[in-house]
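# Report on the structure
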Amino acid sequence: MKYLKLLLILVFALLLLFAASDLPFRGDPDNRMNQSVSMTGTEVPGNYYIQEAYNDAHTPNIVTVVLGDYRSIDTLGEQIVIFTAGMITFLLLRNRRDDDDQ
């Protein structure tokens, strides 16, 4: 069983290396992610966010504009999930009084 686990880890590591070998170079300005028009002919949202973030929200921090303005509903959903997980953890780990102690 131990050798099977090691074999699975080795196969997974090789799969990750194979997948990473096909990734483009990060600093290449000709990458598709750095283009202003996508393959379908539409504008890439990231370029719009960078160019128009200050004009749309008058906030100098781009991260705040993207999370608070452009993706606000998605961010609210993530916050609800984290709050719910925290409340469940609190309710499970709180100290309970036994009825016999009263």
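Here's what I pulled together on the structure shown here. Quick caveat: nothing in here was measured; it's all calculated off a predicted structure.

### Notes on the overall build of the protein chain
Tallying secondary structure elements over the protein chain gives four helices and zero strands in all. Since a compact globule built from 102 residues should have a radius of gyration of about 13 Å, the 24 Å found for the protein chain marks it as more spread out than a globular shape. Taken along the three principal axes of its C-alpha coordinates, the protein chain extends 70 × 55 × 25 Å. Of all 102 residues assigned to the protein chain, the portion counted as buried reaches 7%. Long-range pairs, those at least 24 residues apart, make up 0% of the contacts in the protein chain with a sequence separation of at least 6. By element, 64% of the accessible surface of the protein chain is carried by carbon and sulfur atoms, the whole surface being about 9600 Å². Positive and negative side-chain charges of the protein chain, numbering 8 and 13 respectively, have mean locations separated by a distance of 13 Å.

### A few points about the side chain of Asn47
Mapped onto the elements of the fold, Asn47 is located in helix 2 (residues 45-57). The buried category is assigned to Asn47, whose relative accessible area is 16%. When residues no more than four places from it in sequence are discounted, the contact partners of Asn47 are Asn34, Gln35 and Ser36.

What counts and how
Residues numbered from 1 in each chain as written. Predicted model: local features only at pLDDT ≥ 70, side-chain atom pairs only at ≥ 80, totals over all residues. Heavy atoms only, no water. Helix = DSSP H or I, 4+ residues; strand = E, 2+ residues; numbered from the N terminus. Rg over C-alpha atoms; globule rule 2.2 N^0.38 Å. Buried < 20%, exposed > 50% of the residue type's maximum accessible area, 1.4 Å probe, protein only. Contact = heavy atoms within 4.5 Å. Areas by Shrake-Rupley, 256 points an atom, 1.4 Å probe, with all protein chains shown as cover. Lys, Arg positive; Asp, Glu negative; His and termini not counted. Charge placed at Lys NZ, Arg CZ, Asp CG, Glu CD.

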